[in-house]
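Observations on chain architecture
What follows is the residue order along each chain.
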Amino acid sequence: MGQGHNHSKQDHHSHNHSHHHTSTSTKNLAWAFVLNLSFSLLELIGGIFSNSIAIISDAFHDFGDALSLALVWYLQKISTKPKDNYFDYGYKRFSILGALIISVILSVGSIFMIIESIKRFITPEETKADVMFALAIIGVIVNGAAMIRLNHGKSLTEKAVFLHFLEDILGWIAVLIGSVVMMYFSVPWFDPLLSLAIALWILWNAYGNIKQVMIVMLQAVPESVDRHELVEHWEKIKGIHSVHDIKIWSLDGNHHVASLHVLIDKTVKLNEFQKIKEKIRKVALEFEIIHTTIELETDAEQCKLHSD
């Protein structure tokens with residue numbers, strides 16, 4: 001019966017909500033960049049002064065993050081652009097490209113930290129525990145403020161950055177504990193041991209971020225969408241006999257897209273087709289599917305894709 005698509009009021013509301021959310025995401029990322037860059041400078045100075053490989057490694061790690069945050073902020077801004085002749089679904093995927101970049105940089109930084117920690121572990125050096133203690137307090141406060149700001153982020157990029165700040169807080173708590181231990185005991189190997197533990201933790205979580213991004217890039221069915229429940233809702237719509245050839249994927253982890261073939265009951269009249277399409281899209285929006293392409297079919301048509 002052919003494809004049909006029109007924007008409903010729900011689509012317009014979803015677009016406005018999406019635009020507001022993306023604008024907030026861009027501001028959050030810009031704020032995170034300024035905070036991260038400023039603190040990494042302070043951290044580097046403190047790490048050199050205290051002779052702590054854990055803090056110096058984390059300073060370089062934060063410098064890399066600051067540069068990646070600048071790029072991620074730029075990509076997030078691009079992701080707000082509407083569709084054009086080059087990108088039929090708009091530029092939303094530039095957002096997850098940013099998430100991929102920051103996750104890869106986190107991984108590379110973690111590997112660097114692991115190498116440096118092993119070197120210092122073999123040949124331990126004394127550190128200034130009191131300076132480490134002071135920096136750890138500041139680190140927990142600064143990264144905690146950034147984490148709170150990004151706590152409600154919905155995009156994969158914001159989640160990746162949020163995870164970075166969460167990891168930093170855990171790392172600084174570890175440094176705080178380690179500095180207290182080194183104030184009372186002569187254990188120079190404890191600092192590189194902390195650094196190694198932090199690096200392994202970051203690497204593991206960065207791997208999780210990359211995995212999530214690749215799931216989106218490879219157009220898997222979004223984890224938040226219960227395919228069976230969605231089909232049930234569609235087939236409960238009056239006038240629909242069945243649905244098939246369903247394709248569901250995500251643009252950026254939050255905005256999903258779907259296409260489907262719908263077999264219409266014989267009793268349905270031609271002038272009722274539009275209402276059925278509107279009901280299908282209304283159900284789709286409840287599952288965060290912002291764009292739905294629908295092909296209506298009758299018993300008279302032989303759809304080769306019906307077995308899907």
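Heads up: the structure comes first, above all this text.
Bear in mind that the values here come from a model prediction, so they are computed numbers and not experimental data.

With 14 residues, helix 8 (residues 273-286) ought to run about 20 Å at 1.5 Å a step, and its terminal C-alpha atoms sit 21 Å apart, in line with that. For helix 8, the full list of buried residues reads Phe273, Ile276, Lys277, Ile280, Arg281, Val283, Ala284 and Leu285. Count one or two residues on from helix 8 and you reach Glu288, which has phi positive near 65 degrees.

So, on to the pattern of salt bridges. Under the defined criterion, the tally for this structure stands at one salt bridge. For Asp245, the salt bridge goes to Lys247, with nearest N and O atoms at 2.5 Å. Under the relative-accessibility criterion, Lys247 is labelled partly exposed at 35%.

Running from N to C, helix 3 (residues 93-122) and helix 6 (residues 190-217) cross one another at 155 degrees; their axes reach a closest spacing of 8 Å. When the axes of helix 3 and helix 6 are compared, the pair comes out roughly antiparallel. Between helix 3 and helix 6 lies a crossing of left-handed hand. Tallied by class, the residues present in the contact of helix 3 with helix 6 amount to 23 nonpolar, six polar and two charged.

Looking now at the packing of aromatic side chains. Following the criterion strictly, the structure yields four aromatic pairs and no others. For the ring pair Phe87 and Tyr91, a centre distance of 4.5 Å and an interplane angle of 50 degrees mean the geometry is tilted. The partly exposed category is assigned to Phe87, whose relative accessible area is 34%. For Tyr91, a relative accessible area of 8% corresponds to the buried category.

With eight of nine residues buried, strand 3 (residues 256-264) lies mostly within the body of the structure. Inspection of the sheet shows strand 2 (residues 240-250) paired to strand 3 by eight bridges, in the antiparallel sense. Its bridge partner being in strand 3, Ser242 is matched across the sheet by Leu263. Connecting strand 2 to the next strand, strand 3, in antiparallel fashion are five residues, including Gly253 with a positive phi near 95 degrees. Pairing analysis gives eight bridges linking strand 3 to strand 4 (residues 289-297), with the strands arranged parallel. Paired with Leu263 across the bridge in strand 4 is Glu297. Crossover strand 3 to strand 4 through helix 8 is right-handed.

This part is about the environment of Gln212. Here Gln212 lies in helix 6. Classification of Gln212 by relative accessible area gives partly exposed; the value is 35%. C-alpha separation for the pair Gln212 and Gly253, spaced 41 residues apart in sequence, amounts to 8.5 Å.

Packing of helix 7 (residues 227-235) against helix 8 leaves a shortest axis separation of 10 Å and a crossing angle of 155 degrees. On the basis of the axis angle, helix 7 is roughly antiparallel to helix 8. The interaxial crossing formed by helix 7 with helix 8 has right-handed handedness. In this structure, helix 7 contributes Leu230, His233 and Trp234 to the contact, and helix 8 contributes Ile280, Val283 and Ala284. Residues belonging to the contact of helix 7 with helix 8 are distributed by class as follows: five nonpolar, one polar and no charged.

Cut-offs and rules
Residues numbered from 1 in each chain as written. Predicted model: local features only at pLDDT ≥ 70, side-chain atom pairs only at ≥ 80, totals over all residues. Heavy atoms only, no water. Helix = DSSP H or I, 4+ residues; strand = E, 2+ residues; numbered from the N terminus. Expected span 1.5 Å × (residues − 1). Buried < 20%, exposed > 50% of the residue type's maximum accessible area, 1.4 Å probe, protein only. Salt bridge = Lys/Arg side-chain N within 4 Å of Asp/Glu carboxyl O. Axes fitted to C-alpha atoms, helices over the stretch in contact; angles between N-to-C directions. Parallel < 35°, antiparallel > 145°, perpendicular 65-115°, else oblique. Left-handed = near helix turned anticlockwise from the far one by under 90°. Nonpolar A, V, L, I, M, F, W, Y, C, P; charged D, E, K, R; others polar. Phe/Tyr/Trp six-rings, centres within 6.5 Å; stacked < 30°, edge-to-face > 60°. Pairing = 2+ DSSP bridges. Right-handed = clockwise from strand over helix to strand, strands pointing away. Contact = heavy atoms within 4.5 Å.

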